[in-house]
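Okay, here's what each chain looks like letter by letter:
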Amino acid sequence: LVLSKLPLSPFSSRRTALGYAEGWANGKVSIHGPLRSLQPRGELEVGDARLVLNALAQPLRDVQAKLRFDGGKAELLSLKARDLDGTVTMSGVLD
């Protein structure tokens, strides 16, 4: 799966974790394995995004993120976002 400037808006709603998303995603991800235990591999980049974290009713802007998938492991290489006068940066791994 190759993504080039894929709009984020179709993946958001008030019923999902991300609401009112705008921006794009680029990347290349391959998915292997049976449907019940898919193994994604590759990287995604999100840029120029605005969104709302629905659970917190928290709007974010200038969102930039890089993610890597390696089988059962997802790594947030970097995330930067702004809200009003604040800035958040984070990274981490989900095994």
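Just above sits the structure.
On a predicted model such as this, the values are computed, not experimentally measured, just so you know. Every chain begins its residue count from 1, and numbering advances along the sequence as written. A pLDDT threshold of at least 70 governs which residues receive local features in this predicted model, and a stricter bar of 80 or more applies before side-chain atom pairs are shown or counted, although totals over entire chains, interfaces and linings include all residues. Only hydrogens and water are set aside; all other atoms, that is, all heavy atoms of the structure, feed into the side-chain values.

**Details of the overall build of the chain**
The criterion, for reference: A helix here means a DSSP run of H or I that spans at least four residues, while a strand means a run of E at least two residues long, and both kinds are numbered starting from the N terminus. In this scheme, a residue with accessible area under 20% of its type's maximum is buried, one over 50% is exposed, and one in between is partly exposed, where area comes from a 1.4 Å probe on protein chains only. Note on areas: these come from Shrake-Rupley sampling with a 1.4 Å probe, and a residue is covered only by the protein chains present in the view. Residues scored as charged are limited to Lys and Arg (positive) and Asp and Glu (negative), so that His and the chain ends carry no count. All charge positions are set by atom: Lys at NZ, Arg at CZ, Asp at CG, Glu at CD.
The number of helices and strands found in the chain is zero helices and six strands. Start at the N end of the chain and walk to the C end: the helices and strands fall as β-β-β-β-β-β. Counting the 95 residues in the chain, one finds 23% classified as buried. If you sum the accessible surface of the chain, you get close to 6800 Å²; carbon and sulfur atoms cover 57% of it. Of the charged side chains in the chain, 13 are positive and 10 negative, and the gap between their average positions amounts to 5 Å.

**Some details on the side chain of serine 12**
Worth spelling out the cut-off: A 3.5 Å cut-off defines polar contacts: any pair of N or O atoms within that distance qualifies, except that in protein one atom must be a possible hydrogen donor and the other a possible acceptor, and neighbouring residues in sequence count only when both atoms are side-chain atoms. The contact criterion used throughout is that any non-hydrogen atoms of two residues lie within 4.5 Å.
Relative to the assigned elements, serine 12 resides in the loop between strand S1 (2-7) and strand S2 (18-32). Only 3.1 Å separates the side chain of serine 12 from the backbone oxygen of serine 9, close enough to count as a polar contact. Polar contacts involving the side chain of serine 12 include one to the main-chain amide nitrogen of alanine 21, which spans 3.1 Å. In this structure, serine 12 is in contact with Leu18, Gly19, Tyr20 and Ala21, ignoring residues within four places of it in sequence.

**Here's the deal with the packing of aromatic side chains**
Inclusion rule: Here a pair means two rings of Phe, Tyr or Trp (six-membered ring of Trp) with centres within 6.5 Å. Their orientation is stacked below 30 degrees between planes, edge-to-face above 60, and tilted elsewhere. Here, over-ring charges are defined by two tests on the NZ atom of lysine or the CZ atom of arginine: distance to the ring centre within 6 Å, and angle to the ring normal within 35 degrees.
Enumeration over the complete set of coordinates arrives at zero aromatic pairs. Taking the ring centre of tryptophan 24 as reference, the NZ or CZ of lysine 5 above it sits at 4.1 Å.

**Brief notes about the pattern of salt bridges**
Oppositely charged side chains are able to pair whenever their charged atoms sit close together. Quick reminder of the rule: Basic side-chain nitrogens of Lys or Arg form a salt bridge, by our definition, when they fall within 4 Å of a carboxyl oxygen of Asp or Glu.
Following the criterion strictly, the structure yields six salt bridges and no others. Glutamate 43 is the salt-bridge partner of arginine 68, the closest N and O atoms lying 3.1 Å from each other. One end of the pair, arginine 68, is in strand S4 (residues 58-70); the other, glutamate 43, is in strand S3 (residues 39-53), with 25 residues separating them in the sequence. Note on arginine 68: relative accessible area 34%, which makes it partly exposed. Arginine 68 serves as the salt-bridge partner of glutamate 75, at 3.6 Å between the closest nitrogen and oxygen. Connected via shared salt-bridge partners are Glu43, Arg68 and Glu75.

All quantities given are derived from atomic positions and should not be read as evidence of function.
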